[in-house]
Amino acid sequence: MGGSLAGLLAAHVLAEHADQVTVVERDRFPEEPGPRPGVPQSRHLHVLLEGGQQALDSLLPGFMDELRAADAPRVGMPSDMVQWQDGRWFRRLPATTHLSTGSRAQLEQLVRRRVLANPVITVVEATNVVGLSGDASRVRGVLLRERGEGTGQEGRSLEADLVVDASGRGTKAAQWLSAVGAEAVYEESIDTGLAYASRVYRDTSGTLGTESLGYYVVPNPSQVYGGVVLPLEDGRYLATFSGLRGDEPPTDEEEFVAYAKRLPHPFVHRWLRTAEPQSPVFGFRQTANVRRRYDLPGRRPAGFLAIGDALCTFNPVYGQGMAVAAMSAVALRDALSDPRRTPTTRRVQQALLAASRQAWDISAGADKAMPGAIGNAVTTRAVERPGGWYLRRVQERYAGDPVVGQAFRSVLALTAPVTALFAPKVARAVLFGPVPATPAEPPMTREETGI
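Residues numbered from 1 in each chain as written. Predicted model: local features only at pLDDT ≥ 70, side-chain atom pairs only at ≥ 80, totals over all residues. Heavy atoms only, no water.

As a further point, take helix α1 (residues 5–14). Of all ten residues in α1, nine are buried, a share of seventy percent or more. For α1, the full list of buried residues reads Leu-5, Ala-6, Gly-7, Leu-8, Leu-9, Ala-10, Ala-11, Val-13 and Leu-14. Structurally, α1 contributes buried residues whose contacts are with β1 (21–24), α2 (50–59), α4 (104–115), β6 (121–124), β10 (163–165) and α8 (321–337). (Buried < 20%, exposed > 50% of the residue type's maximum accessible area, 1.4 Å probe, protein only. Helix = DSSP H or I, 4+ residues; strand = E, 2+ residues; numbered from the N terminus. Contact = heavy atoms within 4.5 Å.)

Structure follows, in structure tokens:
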């Protein structure tokens, strides 16, 4: 259910184990890369973290070379970015990780082309899933209704040995499971009320594209406004601003530019005033972190799995969604191919949740501290407090210490576990080293060495 990134990659994996895989998608896929109604956030900034890049290459060998050949920009961190966070400008040291910043539509089309070339996989487009067939012990298929058919009409049945929910953050699985007599899944949620707005620009000043590839102002509990400017595959730039509940970025064009003045430094606003607009302003407000705990015991049927945003949805400001979709598909592949264990529904679902756990800890952990955050997972447990103290010391050194910065970036990029922050040389710098000096003004050029 769902033909976006998570659904396509799940279909690719399942094609190695099934006679037929059917992808049911509510939209019609566009001929050329472009936004579609079923992915309302596709007009906004999407980055592919390095952990997701590695996962995509593992699933679809050579994919990242193909993406780069299609001119998807590659932004080195911290060398290519003018970044401000927690009152500090980041030293622009040599890159230790890279972001792929091309559009979501471009990446998804390339994945779709590779995946749907497999004759085992078929697509049913312009069709909604309206329910499940089966009972509380086992799901046996889905009920479908073509878009445009009346809601009173009974859905036609599509039988399946396995149903995978990749329908995104708007999943209706809770209602569908209840309708077949199963127990609804427990949901954890943290919602800061963050909203963002985006607009495409062309750089007319020549300040981006050589010494700097992007700008990034990172919000935190004491400074809640965010701003980022990153390159797209066609030489244009996508500018995105974020704010919290009650002070959301506007979609009015003039007010959008004025909103940049809320950032703690005017450098992004200055660039915006000279850049040439290439699109309207688009807003987005559905940014809560939601994790559905299918791994917990309960009266739920065999033959039903959730993946991607239908399983674990993150605040998009952290840029984790596409990476976790790819990493979850790798987890699905590994769980189905493990010769030591039978891939029961619950065991595979546990593996999928484990693939998203680090991203959840990062996103949810940061959002707990934001003012006005609500939800049943907002409370910080006593066991988390020592880690929070250590993490604050990491963040104080992240901007200027090469050792701490490299370790922290690897964790944020999902290429290293959180334990990388406790490696001996990192721990020494965090526990005993001074807070390093950082630039006093926006560093518009890269540092020559890592010293």
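The strand order across the open sheet built from three strands is β7-β8-β9, with neighbouring strands paired in antiparallel fashion. Strands at the two margins of the open sheet, each flanked by one partner only, are β7 (127–134) and β9 (156–159). Shown here is a sheet whose adjacent strand axes are inclined to one another by a mean of 35 degrees, direction ignored. The pairing of strand β8 (residues 139–146) with β9 spans four bridges and is antiparallel. Directly across from Gly-141, in β9, lies its bridge partner Glu-159. (Pairing = 2+ DSSP bridges. Axes fitted to C-alpha atoms, helices over the stretch in contact; angles between N-to-C directions.)

Let us now look at unusual backbone geometry. One can expect most non-glycine residues to show negative phi and most peptide bonds to be in trans. Cis rather than trans, the peptide bond between Met-77 and Pro-78 has omega equal to 5 degrees. Within the fold, Pro-78 resides in the loop between β2 (74–77) and β3 (81–85).

Where the parts come together, the accessible area they lose is often given as the size of the interface. In terms of domains, the protein is made up of domain 1 (5–46 + 103–189 + 287–363), domain 2 (195–284) and domain 3 (386–432). Using only C-alpha atoms to locate each centre, domain 2 and domain 3 end up separated by 29 Å. (Domains from an automatic or database assignment.)

All right, on to the pattern of salt bridges then. Per the stated rule, a full pass over the model turns up 24 salt bridges. Of the charged contacts in the structure, one is a salt bridge between Arg-68 and Asp-65, with a shortest N-O distance of 3.1 Å. Taken together, the positions of Arg-68 and Asp-65, both in helix α3 (residues 63–69) and three residues apart, correspond to about one turn of that helix. With a relative accessible area of 52%, Asp-65 lands in the exposed category. A salt bridge links Arg-112 to Glu-108, with the nearest nitrogen and oxygen atoms 3.8 Å apart. Of this pair, Arg-112 and Glu-108 both sit in helix α4, four residues apart, which is roughly one turn of the helix. Using a relative accessible area of 8% as the deciding quantity, one classes Arg-112 as buried. (Salt bridge = Lys/Arg side-chain N within 4 Å of Asp/Glu carboxyl O.)

Tallied over the entire structure, the rule returns eleven aromatic pairs. For the pair Tyr-294 and Phe-304, a centre-to-centre distance of 6.0 Å together with 50 degrees between the ring planes defines the contact as tilted. Here Tyr-294, found in the loop between β18 (289–292) and β19 (304–306), pairs with Phe-304, found in strand β19; they are ten residues apart in sequence, far enough to count as distant. For the pair formed by Tyr-294 and Phe-304, the shared burial category is buried. Both rings, one in Tyr-398 and one in Phe-408, keep their centres 4.5 Å apart while their planes meet at 90 degrees; by these two values the pair is edge-to-face. In this pair, Tyr-398 sits in helix α10 (residues 385–398) while Phe-408 sits in helix α11 (residues 402–412), placing the two residues ten residues apart along the sequence. The same class applies to Tyr-398 and to Phe-408, which are both buried. A connected cluster of aromatic rings, assembled from ring pairs, spans Trp-89, Tyr-215 and Phe-267. Geometry around Phe-282 places Arg-43 over its ring, the cationic atom sitting 4.3 Å from the centre. (Phe/Tyr/Trp six-rings, centres within 6.5 Å; stacked < 30°, edge-to-face > 60°. Lys NZ or Arg CZ within 6 Å of the ring centre and 35° of its normal.)

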